[in-house]
Structures are given as structure tokens and as C-alpha cells.
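Coordinate inspection notes
So the chains spell out like this:
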Amino acid sequence: MNGQNRTDIKPGLSVKIVLKQDQRSGKLTSGIVKDILTKSSFHPHGIKVRLEDGQVGRVKEIEKA
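The sections below set out a description of the structure shown in this document. Counting from 1, residues in each chain are numbered in the order their sequence is written. Only residues with pLDDT of at least 70 are given local features in this predicted model, and only at 80 or more are side-chain atom pairs given and counted; all residues enter the totals for whole chains, interfaces and linings. Side-chain descriptors were evaluated using all non-hydrogen atoms of the structure, hydrogens and water having been removed beforehand.

1. As for the side chain of Thr29
Just so we agree on the cut-off: Put simply, DSSP H or I for four residues or longer makes a helix, DSSP E for two residues or longer makes a strand, and each gets a number counted from the N terminus. Throughout, a residue-residue contact means that at least one pair of heavy atoms, one from each residue, lies within 4.5 Å.
Within the secondary structure layout, Thr29 lies in strand β2 (residues 28-36). Once you skip the residues sitting within four places of it in the chain, Thr29 turns out to touch Val15, Lys16, Ile17, Leu19, Asp22 and Gln55.

Quick look at the structure:
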């Protein structure tokens, strides 16, 4: 799953996000979802989330449990 649909993302899920400063390089950061920040049900660049460590970015990959 690619993280564009809000229904696919739940708090506690393990995901890979791209941070704002990493958008050019495409470097991914792994973490656990704490909060979902995007209100719409779909976003073409990925749903914006806050990880448990406080980092904010858009979901690029949902890791398999």
C-alpha cells in the first residue's frame, strides 16, 4: 500500500514517511504512527502523519506487520 488513502492508516501502524527536508532526495524514515494530520480521505502525495517520536511527514509505504 502506498499511503494515499486515509482509511489505510491507523495509529500504531508501522510506516515509512518522507520528511519535508527529505522530499528532494526521497529519503524515507521509518516509524510508528501517532496522529493522522491530513483531514481528507485521499492525498496524491501521501497522508501526512506524526510519528511517535514527533517527526512529521507524508506516508510513502505501509510496512507489513
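From this point, the discussion proceeds with the structure in view.
2. What to know about the sheet that holds strand β1 (residues 14-19)
Hydrogen bonds between backbone atoms are what pair the strands of a sheet, whose relative direction is either parallel or antiparallel. Put simply, the rule reads: Strand pairing is assigned whenever DSSP identifies at least 2 bridges connecting the two strands. Inter-axis angles, ranging from 0 to 180 degrees, are taken between N-to-C directions of lines fitted to C-alpha atoms, where helices are fitted over the stretch in contact.
Overall, antiparallel pairing links the four strands, which are arranged β1-β2-β3-β4 in a closed barrel. Across this sheet, the average inter-strand angle for adjacent strands is 70 degrees, counted without regard to direction. Here three bridges tie β2 to strand β3 (residues 48-51), and the two strands are oriented antiparallel to one another. Its bridge partner lying in β3, Ile36 is registered against Val49.

3. A closer look at the environment of Asp53
For clarity, the threshold we go by: Within 3.5 Å is the distance limit for a polar contact, defined as a pair of N or O atoms, with the added protein rule that one can donate a hydrogen and the other accept it, and that residues adjacent in sequence qualify only through two side-chain atoms.
With respect to the helices and strands, Asp53 occurs in the loop between β3 and β4 (56-62). Each C-alpha atom, one on Asp53 and one on Val33, is 9.2 Å from the other, the two residues being 20 residues apart in sequence. Within the structure, the side chain of Asp53 is placed 2.9 Å from the side chain of Gln55, a separation counted as a polar contact.

4. Notes on the environment of Glu61
Worth spelling out the cut-off: Exposure classes here rest on a 1.4 Å probe applied to the protein chains alone. A residue is buried below 20% of its type maximum, exposed above 50%, and partly exposed in between.
The residue Glu61 is located in strand β4 in this model. According to the relative accessible area criterion, Glu61 is partly exposed, its value standing at 35%. When the C-alpha positions of Glu61 and Ile17 are compared, they lie 6.9 Å apart, and in sequence the two are 44 residues distant. In this structure Glu61 touches Met1, Asn2, Val15, Lys16 and Leu28, once residues within four positions along its chain are discounted.

5. What about the pattern of salt bridges?
Under the convention used in this document: Criterion for a salt bridge: a side-chain nitrogen of Lys or Arg within 4 Å of a carboxyl oxygen of Asp or Glu.
Enumeration according to the criterion identifies two salt bridges in this entry. Here Lys27 makes a salt bridge to Asp22, at a shortest N to O gap of 3.9 Å. When its relative accessible area of 11% is taken as the criterion, Asp22 is described as buried. The residue Arg50 makes a salt bridge to Asp35 at a minimum N-O spacing of 2.9 Å. Of this pair, Arg50 sits in strand β3 while Asp35 is found in strand β2, placing the two residues 15 residues apart along the sequence. Overall, Asp35 belongs to the partly exposed group, its relative accessible area being 27%.

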